[in-house]
Amino acid sequence: MSRQRSMEAILASEYVSIGELTRLTGARYSTLKFYTEEGMLPFEQAEENLTRRYLRESTVELIFRIKRMKTDGLSIPQIKAALKEER
């Protein structure tokens, strides 16, 4: 198991891992993985180790936007449609 980066290192990084996103947002790993698989969270994938990398600032903002929509009572299909309209 790899050693976790410090929060200071995470906040200084342009890209973060899904595990680091859980620390930044308080969202569950399984939730973020689901959002990724549903195409709601864009990522880049480095070919050499197949690790998904997320742009830290925009992805954190997106996760909080999704959380707000869920709190407002929107379903996953409705959230996906709203996110698609924004792009």
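Residues numbered from 1 in each chain as written. Predicted model: local features only at pLDDT ≥ 70, side-chain atom pairs only at ≥ 80, totals over all residues. Heavy atoms only, no water.

(A) Representation of the packing of helix α4 (residues 56-71) against helix α5 (residues 76-86) within the structure. One can describe the packing of α4 onto α5 by two numbers: an axis separation of 10 Å at closest approach and a directional angle of 135 degrees. Relative to α5, α4 is oriented oblique. Handedness of the crossing formed by α4 with α5: right-handed. Two secondary-structure elements touch here, α4 through Leu62, Arg65, Ile66, Met69 and Lys70 and α5 through Ile76, Ile79, Ala82, Leu83 and Glu86. Broken down by class, the residue content of the contact of α4 with α5 amounts to seven nonpolar, no polar and three charged. (Axes fitted to C-alpha atoms, helices over the stretch in contact; angles between N-to-C directions. Helix = DSSP H or I, 4+ residues; strand = E, 2+ residues; numbered from the N terminus. Parallel < 35°, antiparallel > 145°, perpendicular 65-115°, else oblique. Left-handed = near helix turned anticlockwise from the far one by under 90°. Contact = heavy atoms within 4.5 Å. Nonpolar A, V, L, I, M, F, W, Y, C, P; charged D, E, K, R; others polar.)

(B) Representation of the UniProt feature "domain: HTH merR-type" (unreviewed entry) in the protein chain in the model. In this structure's numbering, the residues bearing the UniProt feature "domain: HTH merR-type" (unreviewed entry) are residues 15-85. Here residues 15-85 runs as 61% helix and 11% strand, with 25 Å between its end C-alpha atoms. (UniProt positions renumbered as here; feature names shortened; annotations may be inferred.)

(C) Representation of α4. Between its first and last C-alpha atoms α4 spans 23 Å; for 16 residues at 1.5 Å apiece the expected length is 22 Å, and the two agree. On its buried side, α4 packs onto α1 (7-12), β1 (15-16), α2 (18-25), α3 (29-37), β3 (52-55) and α5. Just downstream of α4 lies Gly73, where phi reads positive at about 95 degrees. (Expected span 1.5 Å × (residues − 1).)

(D) Expanded view of the packing of α2 against α4. The geometry of α2 relative to α4 is characterised by a closest axis approach of 11 Å and an angle of 60 degrees between their N-to-C directions. Judged on the interaxial angle alone, α4 and α2 are oblique. Remark: the crossing between α2 and α4 carries right-handed chirality. Counting all contacts with α2, which are made through Leu21, Leu24 and Thr25, the residues of α4 involved are Arg56, Thr59, Val60, Ile63, Phe64 and Lys67.

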